Amino acid sequence: MCNFFRNAVFALLAIYGGQAHAISSIRISVGQVSAPAGEIRNAAFQVDLKGESPSLKLNAELKPANEPQFMPFDLRCGTFWNPRIGVLECLNGMFSAKRIKVPLSAHFGIFPDDFSANIDFKQAGFSDEPGLHAGEKLTGSIRVAAKKQKDLWHWGGLFNWTEGELFWQPFYFGKAGNLFAISGTSQGPHVNIGQAILQVSDVGTMTASAQIDTQSKKAESVKVIARDVDFAGLYQLLLKPMVEKSAFGNLQVSGKADWQFEMKDMQPLNFELNLRDADIEELNGKFAFSNINAHIPWDYNEPQTLTLGYNSGYLLNLPLGTTQLQAEINRYSLTAPVLRLPILDGALKFEDVSAAYLGQKWYWHLQMQLEPITMNEFSQALGWPEMQGKIDGQVPMITYANGLLNMDGTMNFNAFKGNVGMSGLRIEDPLGTVPKLYANLHMRNIDLGDLTRTFNFGAIEGKLEGNVTDLRLENWKPVYMNAKIQTMDGNHLKKVSQRAVENITALGGEGTAAALQRTFLRFFKEFNYEKIGLSCELRQDICKMGGVESTPNGFIIVKGKGIPSVNVNGYTEYVSWADLLERMKRITETNSKMIVK
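Cut-offs applied
Residues numbered from 1 in each chain as written. Predicted model: local features only at pLDDT ≥ 70, side-chain atom pairs only at ≥ 80, totals over all residues. Heavy atoms only, no water. Helix = DSSP H or I, 4+ residues; strand = E, 2+ residues; numbered from the N terminus. Buried < 20%, exposed > 50% of the residue type's maximum accessible area, 1.4 Å probe, protein only. Contact = heavy atoms within 4.5 Å. Areas by Shrake-Rupley, 256 points an atom, 1.4 Å probe, with all protein chains shown as cover. Polar contact = N/O pair within 3.5 Å; in protein donor to acceptor, adjacent residues only side chain to side chain. Core = buried A, V, L, I, M, F, W, Y, C linked by side-chain atoms within 4.5 Å. Domains from an automatic or database assignment. Disulfide = S-S within 2.5 Å. Pairing = 2+ DSSP bridges.

**Points about the overall build of the chain**
Next, step 1: Helix and strand counts for the chain stand at seven helices and 39 strands.
Next, step 2: For the chain, the residues scored as buried account for 37% of the 597 residues in total.
Next, step 3: Across the chain, every contact between residues at least 6 apart in sequence was considered, and the portion connecting residues at least 24 apart equals 44%.
Next, step 4: Accessible area for the chain stands at about 32300 Å²; split by element, carbon and sulfur atoms hold 55% of it.

**Brief notes about helix H2 (residues 231–239)**
Next, step 1: Regarding H2, the residues found buried are Phe231, Gly233, Leu234, Tyr235 and Leu237.
Next, step 2: Put simply, Asp230 is the residue that caps the front of H2, since its side-chain oxygen is 3.3 Å from the backbone nitrogen of Ala232.

**Some thoughts on the nonpolar core**
Next, step 1: One finds Phe350, Met368, Met411, Leu425, Ile460 and Met481 to be the most contacted residues of the largest nonpolar core, which totals 117 residues.
Next, step 2: Two domains each provide a minimum of three residues to this core, namely domain 1 (1–98) and domain 2 (439–590).
Next, step 3: Excluding residues that lie within four positions of it along the chain, Met411 makes contacts with Met368, Gln394, Val395, Val420, Gly421, Met422 and Leu425.

**Comments concerning unusual backbone geometry**
Only a minority of non-glycine residues have a phi that is not negative, and only a minority of peptide bonds are not trans.
Next, step 1: We note that Asn42 has phi near 55°; this positive angle belongs to a residue other than glycine.
Next, step 2: Assignment of secondary structure puts Asn42 in strand E2 (residues 38–48).
Next, step 3: Not every positive phi belongs to a glycine, and Asn402 is a case in point at roughly 55°.
Next, step 4: With respect to the helices and strands, Asn402 occurs in the loop between strand E25 (390–401) and strand E26 (404–408).

**Quick look at the environment of Ile532**
Next, step 1: In this structure, Ile532 sits in strand E34 (residues 526–539).
Next, step 2: Sequence separation between Ile532 and Gly462 is 70 residues; the distance between their C-alpha atoms is 9.7 Å.
Next, step 3: Residues within four places of Ile532 in sequence aside, it is in contact with Ile460, Ile485, Gln486, Thr487, Val548, Ile557 and Val558.

**Considerations on the state of the cysteines**
Next, step 1: On inspection of all chains with the given rule, the structure shows two disulfides.
Next, step 2: The partner cysteine of Cys77 in its disulfide is Cys90, sulfur to sulfur 1.9 Å. With the S-S bond torsion at -100°, the cross-link from Cys77 to Cys90 turns out left-handed. Highlighted residues: Cys77 in strand E4 (residues 71–81) and Cys90 in strand E5 (residues 87–97), separated in sequence by 13 residues. Comparing Cys77 with Cys90 shows no difference in burial state: the two are buried.
Next, step 3: The disulfide pattern of the chain is 1-2, 3-4 when the bonded cysteines are numbered in sequence order.

**Quick look at the pairing of strand E11 (residues 178–187)**
Next, step 1: Bridge count between strand E9 (residues 152–168) and E11: nine bridges; the pairing is antiparallel. What sits directly across from Trp161, in E11, is Asn178.
Next, step 2: Two elements, E11 and strand E12 (residues 190–200), share nine bridges in a ladder whose sense is antiparallel. Residue Thr185 lies in a different strand from E12, and its bridge partner there is Asn192.
Next, step 3: Where E11 hands over to E12, the hairpin turn is made up of two residues, of which Gly188 adopts a positive phi near 65°.

Put into structure tokens, the structure is as follows:
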């Protein structure tokens, strides 16, 4: 196809050269030309010989080999000539097609064993119909040259982009100053890329080499190396578009990175990523790591050792201490006997860690143990009321497959001299933008004295038990549950302070606290009770409240017994979950008595 157009143009110019005074314009029409690269049809050349230099108009329809339809295009050269045999120049040109406009000037050298093209474009723009590729105000140059020596072609190319914006789904190059240079040799269907250099503004430089079989369209070998790359630029340009819909889609990063990979016969051979003094912060506050130094290697044939460390960080507002992790990577699996993550004054320890990447999906399992953490620091980190004591626990087995995390058995934690257990835990899409958690909770033998002193609620003596069934969280916020907590039967002390009565009233009752102040009961600091209980059936943001017993007008939260005793009734059956949380926050954040109106 190229030879045809070259010969046609030379024929036009030859006619022009011999008939300059007799002919004012020359026109040639071509029905259709086919080649492996594609087809051209309805082509019309017209050379206008008026003026000091000829001009060219070319109208045709082009269909590249990988496209289903023909695309009309128009090429105009304000000045079109051949200053000598084998040389063509198109100055003050314009290439136009549907959604494409490229002002250009070009210089071609076309010889049997030598070819060169220098194209300068300015303020060019293009887009495709789906909107997956687009460029605006692009200015730069393209240089291509090839020379044949015996049976071997030596070639090279350079693309230099100095102005404008480029979007190539999913990547957006918003800043110019990028350069791509390539050189190599070709013989028959075999193409050897000796060196390719990609220089990206605000990121760094990447070099590559490859061997390609154009007949089978397979890369026989590929090797890519990048040194001292800016991690922030690499994330914004290349990594973020690929992880936009995951938990890693909204990060702020810094530091330096080295990476390389190698392929052979279309199969990955090895890979290596090194991070130096890098910082990562999830901008929604989910996690952060500072001063990361990591060596992450991979080899198809040989096991490799992964090391990763960071100085500090946080996970869901829990401060993380200095950490050093090590694991073995064996082809598509990762194993580690122990991975320990210091958290506050304790640690989260993973044991028997095993992960595998099969069928483009991750599968893994592990056991987890929570080493004792002081509740005071733990509660402050999460923004909870200050707690006392320590929390620890263990999880028998956690598995992950097909985007679903499951816990086998019951997770048990020790707190407030009692036990808190979780069963039926599963999390859908835990690293996605809207993870969903399902679980059941139970509490047994919780010391109410420790609990109420911790939450500044007013003193209640006794033992507490409760269940939360069918708990469902979306994006870590409760949207569904059936929860009920109540005091346990037994011979233990059952006392409730006047201040605790006032706070319970503020949660679900009306009038009890005010009534206390109007009677002789105001002289008592504490009261006896038979039972205390509260329940919530949560559906989206509405909680249906309940107590230990129902009444015609509501429910009983505190059922008194003996002398002195007091009952606390609840009358508001439906409460907004956000409002209920706000009430609890007000109660626990102040040392003053609640005023109930």
